[in-house]
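These are the residues of each chain, in order.
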Amino acid sequence: MAKTPPRAWQRMLSGRRLDLLDPSPLDVEIDDIAHGLARVPRWNGQTTGSHIFSVAQHSLVVEDISRVLKPDLADRWRLAILLHDAPEYVVSDIISPFKNVLGGDYKTVETRLMRAIHTRFGLPPDLPEVHRKLLKRADQAAAFVEATKLAGFEKDEALKFFGKPVGIPAHLDLTPWPADKAEKRFLARFNALSER
């Protein structure tokens, strides 16, 4: 008798069944992404506050920083920045040291998911280099402030790992939100960027 291959798909609350090895853009729904990211903790949950600091809230912070760094950026690229960690609604937020241990297989799955997500929302499968560099700067700035304000890093240690932050908005509030608030705010920003 032939052995059944292991399950490689995730059932979503929308009813979609997302195949991790061959994700279809047709199985990607923004409500599933927002719901999942609002419940995935950054920093493995090792942050201060009454609630986790979610990937959804982090994504909003990164997009906010990108607006300071490049105020004239088109909405479609802002949308790509907002969605930069979207695969984590399925694969969770794995900290960089563990990604290094896992190696290329994790990155392959993450890249396939990101391409399906981009395609679903009318973005090119791969982010153009100029926008990828902007995203990296904004993401590292967010990591620095999260690390020092929420995750117990000393400033010198954070500078070593994330570099000197640029583009931090004066109004930035890192108070961790409840999951439903993070989900609603992520969806609202997605809708605002999609509708323009």
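Structure: see above.
These notes cover the structure that comes with them.

About the thresholds
Residues numbered from 1 in each chain as written. Predicted model: local features only at pLDDT ≥ 70, side-chain atom pairs only at ≥ 80, totals over all residues. Heavy atoms only, no water. Helix = DSSP H or I, 4+ residues; strand = E, 2+ residues; numbered from the N terminus. Buried < 20%, exposed > 50% of the residue type's maximum accessible area, 1.4 Å probe, protein only. Contact = heavy atoms within 4.5 Å. Salt bridge = Lys/Arg side-chain N within 4 Å of Asp/Glu carboxyl O. Phe/Tyr/Trp six-rings, centres within 6.5 Å; stacked < 30°, edge-to-face > 60°. Lys NZ or Arg CZ within 6 Å of the ring centre and 35° of its normal. Expected span 1.5 Å × (residues − 1). Arc of directions from axis to C-beta.

All right, on to the side chain of Glu110 then. Among the structural elements, Glu110 can be located in helix α6 (residues 104–120). Residue class for Glu110 comes out buried when judged on its relative accessible area of 11%. Apart from residues lying up to four places away in sequence, Glu110 is in contact with Pro87, Glu88 and Lys99.

A word on the pattern of salt bridges. What the rule picks out here adds up to 12 salt bridges. One salt bridge connects Asp72 with Lys70, and the closest N-O pair in it is separated by 3.1 Å. Overall, Lys70 belongs to the partly exposed group, its relative accessible area being 33%. Lys107 serves as the salt-bridge partner of Glu110, at 3.2 Å between the closest nitrogen and oxygen. With Glu110 and Lys107 both in helix α6 and 3 residues apart, the pair spans about one turn of that helix. Several salt bridges converge on common partners, so that one network encompasses Glu63, Asp64, Arg67 and Arg189.

This model, assessed by the stated rule, comprises 5 aromatic pairs. Judged by centre distance (5.0 Å) and plane angle (70 degrees), the rings of Phe121 and Phe190 are edge-to-face. On the criterion of sequence distance, the pair formed by Phe121 in the loop between α6 and α7 (129–149) and Phe190 in helix α9 (residues 179–195) is long-range, its members being 69 residues apart. When the ring of Phe161 is compared with that of Phe162, the centres are 6.4 Å apart and the planes differ by 55 degrees; the resulting orientation is tilted. Classification of Phe162 by relative accessible area gives buried; the value is 19%. Taken together, the aromatic side chains of Trp43, Phe153, Phe161 and Phe162 make up a single cluster linked through ring pairs. Geometry around Trp177 places Arg185 over its ring, the cationic atom sitting 4.7 Å from the centre.

Here we take up unusual backbone geometry. Although it is not a glycine, Asn44 sits at a positive phi angle of roughly 55 degrees. When you line up the elements, Asn44 lands in the loop between α1 (30–37) and α2 (55–69). Positive phi outside glycine occurs at Ser92, with the angle close to 70 degrees. Structurally, Ser92 is set in the loop between α4 (88–91) and α5 (96–102). A residue is classified by how much of its surface remains accessible, and Ser92, at 35% relative accessible area, is partly exposed.

Right, let's get into α9. The terminal C-alpha atoms of α9, which comprises 17 residues, lie 24 Å apart, in line with the 24 Å expected from a rise of 1.5 Å per residue. Burial in α9 covers these residues: Ala182, Glu183, Phe186, Leu187, Arg189, Phe190 and Leu193. Seen along its axis, α9 keeps its buried residues to an arc of 165 degrees; they face one direction. For α9, the exposed residues lying more than 90 degrees away from the buried face are Lys184 and Glu195. Where α9 is buried, its residues touch α1, α2 and α3 (75–82).

A few words now on the environment of Leu113. For Leu113, the location among the structural elements is in helix α6. What makes Leu113 buried here is its relative accessible area of 2%. Expressed as a C-alpha distance, the spacing of Leu113 and Leu20, which sit 93 residues apart in the sequence, is 7.1 Å. With sequence-adjacent residues up to four places away left out, Leu113 is seen in contact with Leu18, Leu20, Pro23, Pro87, Val90 and Val91.

Everything listed here is a matter of coordinates, which is why it stays silent on function.
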